[in-house]
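Observations on the model geometry
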Amino acid sequence: MSDDRPAWARRIAAERAARDWSQRDAVRALRAHAKEELPADDSLIRQWKRWETGQLPNEFYRPLIARVFGTVTHALFPAPARRDGSKEILAASGMETLEIVSRLNRSDVDGATLDALRITTDRLCSEYPFMPSEQLLIEGRQWLRRVVELHSKSLTLSQHREVLALSGWLALLVGCVEYDTGDRHAAESTRRAALSLATEADHAEIAGWAHEMRAWFALTTGDYRGVIAAAQAGTDVAAHQGVAVQLAAQEAKAWARLGDRRRVEVALDRGRNLLEGMPHPENLDNHFVVDPAKFDFYAMDCYRLVGEDKVARTLAEEVLRAGTDFDGTERSPMRNAEARVTLGVTAAREGDLDQALIMGERALEGERQSVPSLIMTSRELAAEMRNRYAAEPAAQDYLAHLRELGQGVPGFLPQ
């Protein structure tokens, strides 16, 4: 079969192979997930063969195929995405950064200034995946201070709510980067500030993300019941927002680590159904927008933990494909790092130490890292190394590298 097939066609074939299904098995699964009557099996098998060779399914079959493989339509069949950059601020508002700052120093604030601030905030949140942590932390804190200072200006009621919301988004961003760099206490203080701003602005989505951050913090420190409590609290205030998808994913990850396979599937199904019913986001780069492709990332983590190695490996390869540009530039370095850990874990379980070490070391190489999350997942690879290859010097070198990465991050060192 030709390698120049579309990515979705290659993935359909890989997902089927990961489950050891024949094409007839895949058609049976398709029928099981359908609510409507489908054509006869022989006809569907012919269609399935065409799909795997690259003929795009119609709009009826796309969501059905996604359900068969436990993902969402826009993850399997991506829509074109736009990418924001600093040039868009000038194009959309007519202002460069210095002019925005100058306007903020005036006694009043007009709509154009708020528009420019909104675009600036979106740009910063969109640079989260790849901008160096130190640089993003400096810029994020600078803009947060500038926006917070607007609270003392003469604002209309609607402007006041807008300023509160912008402050909340920036506080969420700063808190995430603080946690990425291992500053847990600062991150928790900033998260609480974001939640307070959300409450004052009556902004359900920002409140939901503040609870999602609490779930993330709890997950990486091993407080799995705390993850579930935070996910429920976030869902209570933001049940119909995009963040509810990520809250369901965090809950699924916690249940996976608690060993409850049934509840993993229940949480993933809830997130999947929520995401499938939402419009496709305009800006997939924004950290606080749930990218449909990220659902594969959530599921990858869960299936690795419950021992579904073939499915986890297939999803990891898809995460890497989706997170890498044609020229090799990584669009999602933090997701890619965790995908490589997954490939390392599955290789270790299959007895391939060399491949496990290659993937494990590559995961630790990136400049843009979320240290707590990376060490949490790398710990699983470390456990496989200790259990299977304790006498191997190369495995010991990897464990030493992991300990070195965790220095200065209390609570995150591998056991």
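Here the structure is a predicted model, which means the values were calculated and not measured.

So, the overall build of the protein chain
- Across its full length, the protein chain carries 21 helices and 0 strands.
- Residues counted as buried form 53% of the 415 residues belonging to the protein chain.
- Residue pairs at least 24 apart in sequence account for 65% of intrachain contacts in the protein chain once pairs closer than 6 positions are excluded.
- Total accessible area on the protein chain is roughly 18,400 Å²; 49% of this is exposed by carbon and sulfur atoms.

Thoughts on the pattern of salt bridges
- Tallied over the full model, the rule gives 32 salt bridges.
- Its salt-bridge partner being Glu 251, residue Arg 270 comes within 2.6 Å of it at the nearest N-O pair. Highlighted residues: Arg 270 in helix α15 (residues 261-276) and Glu 251 in helix α14 (residues 243-258), separated in sequence by 19 residues.
- The shortest N-O distance in the salt bridge between Glu 265 and Arg 261 comes to 3.2 Å. Placement of both Glu 265 and Arg 261 in helix α15 is noted, with a separation of 4 residues, approximately one turn of the helix.
- Judged by relative accessible area, which is 22%, Glu 265 ranks as partly exposed.

A word on the packing of helix α2 (residues 23-33) against helix α3 (residues 41-52)
- One can describe the packing of α2 onto α3 by two numbers: an axis separation of 9 Å at closest approach and a directional angle of 110°. When the axes of α2 and α3 are compared, the pair comes out roughly perpendicular. Contacts between α2 and α3 involve Gln 23, Arg 24, Ala 26, Val 27, Leu 30 and Arg 31 from the first element and Asp 41, Asp 42, Leu 44, Ile 45, Trp 48, Lys 49, Trp 51 and Glu 52 from the second.
- Considering only residue class, the contact of α2 with α3 consists of 7 nonpolar, 1 polar and 6 charged.

Concerning the packing of aromatic side chains
- Taken as a whole, this structure holds 13 aromatic pairs when the rule is applied.
- With centroids separated by 4.9 Å and ring planes inclined at 80°, the aromatic side chains of Phe 60 and Tyr 61 adopt a geometry described as edge-to-face.
- Through successive ring pairs, a cluster of aromatic residues spans Trp 21, Trp 48, Trp 51, Phe 60, Tyr 61 and Phe 69.
- In this structure, Arg 19 packs its charged tip against the face of Trp 21, placed 5.8 Å from the ring centre.

Some words on helix α16 (residues 294-305)
- Across its 12 residues, α16 extends 17 Å between first and last C-alpha, which sits within 8% of the 16 Å expected from 1.5 Å per residue.
- With 11 of 12 residues buried, α16 is to be regarded as a mostly interior element.
- For α16, the set of buried residues is Lys 294, Phe 295, Asp 296, Phe 297, Tyr 298, Ala 299, Met 300, Asp 301, Cys 302, Tyr 303 and Arg 304.

Some thoughts on the side chain of Arg 11
- Following the sequence through the fold, Arg 11 ends up in helix α1 (residues 7-18).
- Discounting residues that sit within four places of it in the chain, Arg 11 has contacts with Thr 71, Ala 75, Leu 76, Asp 296, Leu 315 and Glu 318.

So, unusual backbone geometry
- A positive phi is found at Asp 20, a non-glycine position, where the angle reads about 60°.
- Mapped onto the elements of the fold, Asp 20 is located in the loop between α1 and α2.

Notes on helix α4 (residues 61-68)
- Among the residues of α4, those classed as buried are Tyr 61, Leu 64, Ile 65, Ala 66 and Val 68.
- Backbone geometry just after α4 places Gly 70 at a positive phi near 70°.

Observations regarding the environment of Thr 181
- Within the element layout of this structure, Thr 181 appears in the loop between α10 (157-180) and α11 (184-201).
- Under the relative-accessibility criterion, Thr 181 is labelled partly exposed at 38%.
- Sequence spacing of Thr 181 and Arg 368 is 187 residues, and the spatial spacing of their C-alpha atoms is 9.9 Å.

Side note on the layout of surface pockets
- Volume-wise, the largest pocket comes out at about 970 Å³.
- Contributing to the lining of the largest pocket are 45 residues, with Leu 284, Asp 291, Lys 294, Ser 332 and Arg 335 lying nearest its centre.
- Put simply, the parts of the chain that give the lining of the largest pocket at least two residues each are α5 (73-76), α10, α12 (204-220), α14, α16, α17 (309-322), α18 (333-349) and α20 (371-389).
- When grouped by side-chain class, the residues that make up the lining of the largest pocket number 22 nonpolar, 10 polar and 13 charged.
- In terms of domain composition, the lining of the largest pocket takes at least three residues from each of domain 2 (80-282) and domain 3 (307-414).

Comments concerning empty space enclosed by the protein
- Taken as a whole, this structure holds 1 cavity of 30 Å³ or more when the rule is applied.
- Of the pockets and cavities examined, the largest cavity occupies roughly 40 Å³.
- Taken together, Met 334, Ala 337, Glu 338, Arg 368, Gln 369, Ser 370, Ser 373 and Leu 374 make up the full set of residues lining the largest cavity.
- If you list the elements that add at least two residues to the lining of the largest cavity, you get α18 and α20.
- At 3 residues, α18 tops the list of elements feeding residues into the lining of the largest cavity.

Focus on the confidence of the model for the protein chain
- In this model, the protein chain carries a mean pLDDT of 85, and residues with pLDDT of at least 70 account for 89%.
- Model confidence for the protein chain, summarised as mean pLDDT per element, is weakest for helix α6 (residues 86-93) at 41 and strongest for helix α13 (residues 224-237) at 97.
- Considering only residues more than four positions removed or in separate chains, one finds that residues 81-101, a stretch of pLDDT under 50, has 40 contacts.
- Contacts from residues 410-415, a stretch scored under 50 in pLDDT, to residues over four places away or in other chains number 19 contacts.

A short note on the packing of α12 against α20
- Interaxial distance between α12 and α20 falls to 9 Å at its minimum, and their mutual angle equals 40°. Considered as vectors, α12 and α20 are oriented oblique to each other. Crossing of α12 over α20 shows left-handed handedness. Contact residues: Trp 216, Leu 219 and Thr 220 in α12; Pro 372, Ser 373 and Met 376 in α20.

Criteria and cut-off values
- Residues numbered from 1 in each chain as written.
- Predicted model: local features only at pLDDT ≥ 70, side-chain atom pairs only at ≥ 80, totals over all residues.
- Heavy atoms only, no water.
- Helix = DSSP H or I, 4+ residues; strand = E, 2+ residues; numbered from the N terminus.
- Buried < 20%, exposed > 50% of the residue type's maximum accessible area, 1.4 Å probe, protein only.
- Contact = heavy atoms within 4.5 Å.
- Areas by Shrake-Rupley, 256 points an atom, 1.4 Å probe, with all protein chains shown as cover.
- Salt bridge = Lys/Arg side-chain N within 4 Å of Asp/Glu carboxyl O.
- Axes fitted to C-alpha atoms, helices over the stretch in contact; angles between N-to-C directions.
- Parallel < 35°, antiparallel > 145°, perpendicular 65-115°, else oblique.
- Nonpolar A, V, L, I, M, F, W, Y, C, P; charged D, E, K, R; others polar.
- Phe/Tyr/Trp six-rings, centres within 6.5 Å; stacked < 30°, edge-to-face > 60°.
- Lys NZ or Arg CZ within 6 Å of the ring centre and 35° of its normal.
- Expected span 1.5 Å × (residues − 1).
- 1 Å grid on protein atoms, 1.4 Å probe; cavity = no way out; pocket = protein on both sides within 12 Å on 5 of 7 lines; lining within 4 Å.
- Points joined across faces, edges and corners; volume = space filled by probe spheres on them.
- Domains from an automatic or database assignment.
- pLDDT = per-residue confidence, 0-100.
- Left-handed = near helix turned anticlockwise from the far one by under 90°.

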